[in-house]
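# Summary of structural features
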Amino acid sequence: GENVEQHPSTLSVQEGDSAVIKCTYSDSASNYFPWYKQELGKRPQLIIDIRSNVGEKKDQRIAVTLNKTAKHFSLHITETQPEDSAVYFCASLLYTGRRALTFGSGTRLQVQP
Amino acid sequence: GAVVSQHPSRVICKSGTSVKIECRSLDFQATTMFWYRQFPKKSLMLMATSNEGSKATYEQGVEKDKFLINHASLTLSTLTVTSAHPEDSSFYICSAPGTSGSSYEQYFGPGTRLTVT
């Protein structure tokens, strides 16, 4: 089955700096790569996603890049703010409508004011 | 977007008792729903895939007789933790894939915090 590895496990940055989180996946057939932000005791919140036919996607301060050849994708957050502090999960999926996401191990991001 | 609810949000039960958690798709039909378990400071781990009108598919290492799943309608899946023990204490989250052909997004319930004493 699919395996997703995520690094780093913790990341501390100063407010205003950029943060980058990286993931690799094992199944070359996977075609959907979402990123989630999860606050303590809450459900995962989708912040950005990308499909395998696209190499990069940006939404304001957040961007995701995908390298299908290397089977890795990254989350980039620019101009970080204290409210960006949370746990971030990457995930991958071969979309069929009946398959579940495979999640990375998570990254705890701390933005220091 | 699509909305998934879960009930209860928190439950405390005694060891040996059973607990039922409900997952509902409020504004769309879900022939498939997924149940995840999340231990503190850990990732979401898939427990089982719930299929409307047929048996659930369990991940390796998940006991089907302990975690009973029933998907009786297109909007409701239930997870029953039978003979709960303290090690079953966890955050249980369900999700369902959207029905829009243009979106691959999956919609998560708010989760259920189970504490077994």
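What comes next is a walk through the structure.

Procedures and definitions
Residues numbered from 1 in each chain as written. Chains lettered and ligands numbered in written order. Predicted model: local features only at pLDDT ≥ 70, side-chain atom pairs only at ≥ 80, totals over all residues. Heavy atoms only, no water. Salt bridge = Lys/Arg side-chain N within 4 Å of Asp/Glu carboxyl O. Buried < 20%, exposed > 50% of the residue type's maximum accessible area, 1.4 Å probe, protein only. Helix = DSSP H or I, 4+ residues; strand = E, 2+ residues; numbered from the N terminus. Contact = heavy atoms within 4.5 Å. Pairing = 2+ DSSP bridges. Disulfide = S-S within 2.5 Å. Axes fitted to C-alpha atoms, helices over the stretch in contact; angles between N-to-C directions. Buried area = accessible area lost by both parts, 1.4 Å probe. Polar contact = N/O pair within 3.5 Å; in protein donor to acceptor, adjacent residues only side chain to side chain. Phe/Tyr/Trp six-rings, centres within 6.5 Å; stacked < 30°, edge-to-face > 60°.

What follows is about the pattern of salt bridges. Residue and element names in this part refer to chain A. Under the defined criterion, the tally for this structure stands at five salt bridges over all chains. Ionic pairing is found between Lys-37 and Glu-39, a salt bridge with its closest N-O pair at 3.9 Å. Residue Lys-37 is classed as buried on the basis of its relative accessible area, which comes to 13%. Take Glu-39: its relative accessible area is 38%, and that puts it in the partly exposed class.

Turning our eyes to something else, we now look at the environment of Leu-68 of chain B. Residue and element names in this part refer to chain B. Position of Leu-68 relative to the elements: it lies in strand E7 (residues 67-73). With a relative accessible area of 38%, Leu-68 lands in the partly exposed category. In this structure Leu-68 touches Tyr-58, Thr-78, Leu-79, Thr-80 and Thr-82, once residues within four positions along its chain are discounted.

All names here are of chain B. Residue position: Val-4 is located in strand E1 (residues 4-7). Using a relative accessible area of 2% as the deciding quantity, one classes Val-4 as buried. For Val-4 and Arg-24, which are 20 residues apart along the polypeptide, the C-alpha to C-alpha distance reads 5.6 Å.

Residue and element names in this part refer to chain B. Residues Thr-112, Leu-114 and Val-116 point to one face of strand E11 (residues 112-116) and are all buried, whereas Arg-113 and Thr-115, pointing to the other face, are not buried. Pairing of strand E2 (residues 10-13) with E11, which is carried by four bridges, proceeds in the parallel orientation. By the bridge assignment, Cys-13 is partnered in E11 with Val-116. Inspection of the sheet shows strand E9 (residues 90-97) paired to E11 by three bridges, in the antiparallel sense. Counterpart to Phe-91 in the pairing with E11 is Arg-113.

A few words now on the state of the cysteines. Residues and elements named next belong to chain A. Applying the stated rule across the entire model yields two disulfides over all chains. Shown here is the disulfide that connects Cys-23 with Cys-90, its sulfur atoms set 1.9 Å apart. On the S-S bond that ties Cys-23 to Cys-90, the torsion sits near -100°, and the link is left-handed. In this pair, Cys-23 is assigned in strand E3 (residues 19-25) and Cys-90 in strand E9 (residues 86-92), connecting sequence segments 67 residues apart. We classify Cys-23 as buried; its relative accessible area is 1%. Of the residues examined, Cys-90 reaches a relative accessible area of 0% and is grouped as buried.

This part is about the sheet that holds strand E7 (residues 62-67) of chain A. Residue and element names in this part refer to chain A. Across the sheet, which stays open at both edges, the five strands sit in the order E1-E3-E8-E7-E6 with antiparallel pairing between neighbours. Edge positions in the sheet fall to strand E1 (4-7) and strand E6 (56-59), since each has one partner strand and no second. Each neighbouring strand pair of the sheet contributes to a mean axis angle of 15°, computed without reference to strand direction. As judged from the six bridges shared by E3 and strand E8 (residues 72-77), these two strands associate in the antiparallel manner. When the bridges of E8 are listed, Ala-19 appears paired with Ile-77.

Attention shifts here to the interface of chain B and chain A. Between chain B and chain A, the residue contacts involve 26 residues of the former and 22 residues of the latter. Roughly 1900 Å² of surface becomes buried between chain B and chain A when both sides are summed, with 55% attributable to carbon and sulfur atoms. Our count for the contact surface shared by chain B and chain A stands at five residue pairs in polar contact (both at pLDDT 80 or more). When residues of the side of chain B that touches chain A are traced back to their parent elements, those giving at least two are strand E4 (32-38), strand E5 (45-51), E9 and strand E10 (106-108) of chain B.

Residues and elements named next belong to chain A. On inspection of all chains with the given rule, the structure shows 13 aromatic pairs over all chains. Ring geometry for Tyr-25 against Phe-73: centres 6.0 Å apart, planes inclined by 55°, an arrangement best described as tilted. On the criterion of sequence distance, the pair formed by Tyr-25 in strand E3 and Phe-73 in strand E8 is long-range, its members being 48 residues apart. By the burial criterion, Tyr-25 is buried, and Phe-73 matches it. Pairing Phe-33 with Phe-73 gives two aromatic rings, centres 4.9 Å apart and planes at 50°, and the pair type is tilted. On the criterion of sequence distance, the pair formed by Phe-33 in strand E4 (residues 32-38) and Phe-73 in strand E8 is long-range, its members being 40 residues apart. You'll find Phe-33 and Phe-73 in the same group, each marked buried.

Function-wise, these values are silent; they only describe arrangement.
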